[in-house]
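This is what each chain is made of:
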Amino acid sequence: MNHKMVENELISIIVPIYNVEKYLQQCLDSILNQTYQNFECLLINDGSPDNSADICREYAVKDSRFKYFEKENGGLSDARNYGIIQSKGSYLTFVDSDDWLDSYYIETLYELMIKHNADISVACYGAFDEEKGVFLFYAYGDEYEKVYSGREVVEQLPKFEGGDLTFQTSWGMLSKRDLFDQIMFPVGRINEDIGTNYKLFMQASRVAYVHKNLYLYRIRKTSISNSGFSEKMMRDDHDLRLERIAMIALKGYDISQYIQQHRFYLDYWHRVAEEQGLGNSIETKRLEELDFLLTGKIYEEK
């Protein structure tokens with residue numbers, strides 16, 4: 001992709017912030033250094049108890065494109081929803097505050113949308129494993145672009161999700177702002193992207209993908225996504241996946257891949273629950289009940 005500057009529409013970058021003072025400056029510097037300059041960066045302090053607020057204020061003072069907001073702690077979904085309401089751009093992208101961006105991230109995704117007349121553009125990503133001190137890059141081989149209809153993405157989403165995090169996270173995507181007019185992230189839920197992204201793809205006529213590592217995702221033990229197994233995590237993931245299947249089926253889409261995927265997750269969550277000593281919990285019994293109804297599988301009493 002040639003990087004001729006195309007810059008005429010405001011893009012809103014929403015950054016929810018909670019307990020990330022160690023990583024925040026790297027994240028915000030990567031936004032400051034974007035080649036696409038017509039953006040607003042909404043810093044949503046979700047009741048963070050550390051010194052993240054001071055860092056945010058520094059950026060808001062030195063660059064008027066950075067706008068700082070404080071709210072009571074309500075979780076990642078609530079912070080993202082707050083940012084959406086405050087946003088003024090024609091396009092939205094979400095950045096987790098412990099991650100960072102390639103300098104061409106915004107420019108590339110914006111050009112991709114314009115070039116293919118798409119409603120959503122998606123980039124591949126790299127990951128930095130903090131504990132091991134190594135980078136993992138998920139886009140390998142030649143760079144390429146691919147365009148899907150929204151329906152194709154919805155029906156193939158389980159296949160995409162089986163490969164890596166591309167298409168299943170809210171970061172790494174640029175979306176038209178109006179896709180969120182009637183859509184909100186599910187407040188109080190873990191794995192909120194599972195309950196949101198498909199709704200955006202359902203509204204999209206075209207989705208453009210670029211096979212390039214443009215987003216850098218930090219893997220750390222204390223992040224929300226890596227904070228360990230819990231009954232709530234199992235319940236939220238299970239319920240959001242069921243809700244997703246129901247909605248997609250009601251719209252008349254092919255759900256065969258979703259059913260296959262859900263059978264996998266029923267078995268996966270059950271194994272993890274037993275490993276964690278939760279084999280007899282109410283949530284585990286719910287999984288067993290659905291597994292029986294779907295597959296006829298009967299679990300032995302422990």
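These lines cover the structure that appears in this document, whether it is placed above or below. (Residues numbered from 1 in each chain as written. Predicted model: local features only at pLDDT ≥ 70, side-chain atom pairs only at ≥ 80, totals over all residues. Heavy atoms only, no water.)

Attention now goes to the side chain of S170. Position of S170 among the secondary structure elements: in the loop between α5 (150–161) and β9 (173–176). Only 2.8 Å separates the side chain of S170 from the side chain of D193, close enough to count as a polar contact. Here the side chain of S170 touches N197 through a polar contact of 3.2 Å, side chain to side chain. (Helix = DSSP H or I, 4+ residues; strand = E, 2+ residues; numbered from the N terminus. Polar contact = N/O pair within 3.5 Å; in protein donor to acceptor, adjacent residues only side chain to side chain.)

Moving residue by residue along a regular strand, the side chains alternate between the two faces of the sheet. In terms of burial, strand β1 (residues 11–17) is a largely internal element, seven of the seven residues being buried. Examined bridge by bridge, β1 and strand β2 (residues 39–46) share seven bridges and lie parallel to one another. Its bridge partner lying in β2, P16 is registered against I44. In this view, the connection linking β1 to its parallel neighbour β2 by way of helix α1 (residues 24–32) has right-handed handedness. Note: β1 against strand β4 (residues 91–94), four bridges, orientation parallel. Of the residues in β4, the one forming a bridge with I13 is T93. (Buried < 20%, exposed > 50% of the residue type's maximum accessible area, 1.4 Å probe, protein only. Pairing = 2+ DSSP bridges. Right-handed = clockwise from strand over helix to strand, strands pointing away.)

Of all hydrophobic cores here, the largest spans 73 residues; its most connected members are V15, L28, I31, L43, I120, F167 and F201. No other element matches the seven residues that strand β10 (residues 206–219) contributes to this core. Excluding anything up to four places from it in sequence, I31 contacts I13, V15, F39, C41, F66 and L101. Core analysis: the second largest hydrophobic core is formed by nine residues, I190, M233, L266 and L290 among them. (Core = buried A, V, L, I, M, F, W, Y, C linked by side-chain atoms within 4.5 Å. Contact = heavy atoms within 4.5 Å.)

Let us look at the pairing of strand β6 (residues 120–129). Burial analysis of β6 places ten of its ten residues in the buried class, which makes it a mostly covered element. Strand direction decides the pairing type here: β6 and β10, joined by ten bridges, are parallel. By the bridge assignment for β10, A123 is matched with V210. Here β6 pairs with strand β7 (residues 134–137) via four bridges, running antiparallel. Paired with A127 across the strands is L136, a residue of β7. Turn length for the β6-β7 hairpin, with the two strands adjacent in sequence and antiparallel, is four residues, and the turn residue G133 shows positive phi of about 70 degrees.

All right, on to the pattern of salt bridges then. This structure, assessed with the given rule, holds 25 salt bridges. For D96, the salt bridge goes to R80, with nearest N and O atoms at 3.4 Å. With D96 in the loop between β4 and β5 (100–101) and R80 in helix α3 (residues 76–86), this residue pair connects regions lying 16 residues apart in the sequence. Under the relative-accessibility criterion, R80 is labelled buried at 1%. One salt-bridge network, held together by shared partners, links R80, D96, E192 and D193. (Salt bridge = Lys/Arg side-chain N within 4 Å of Asp/Glu carboxyl O.)

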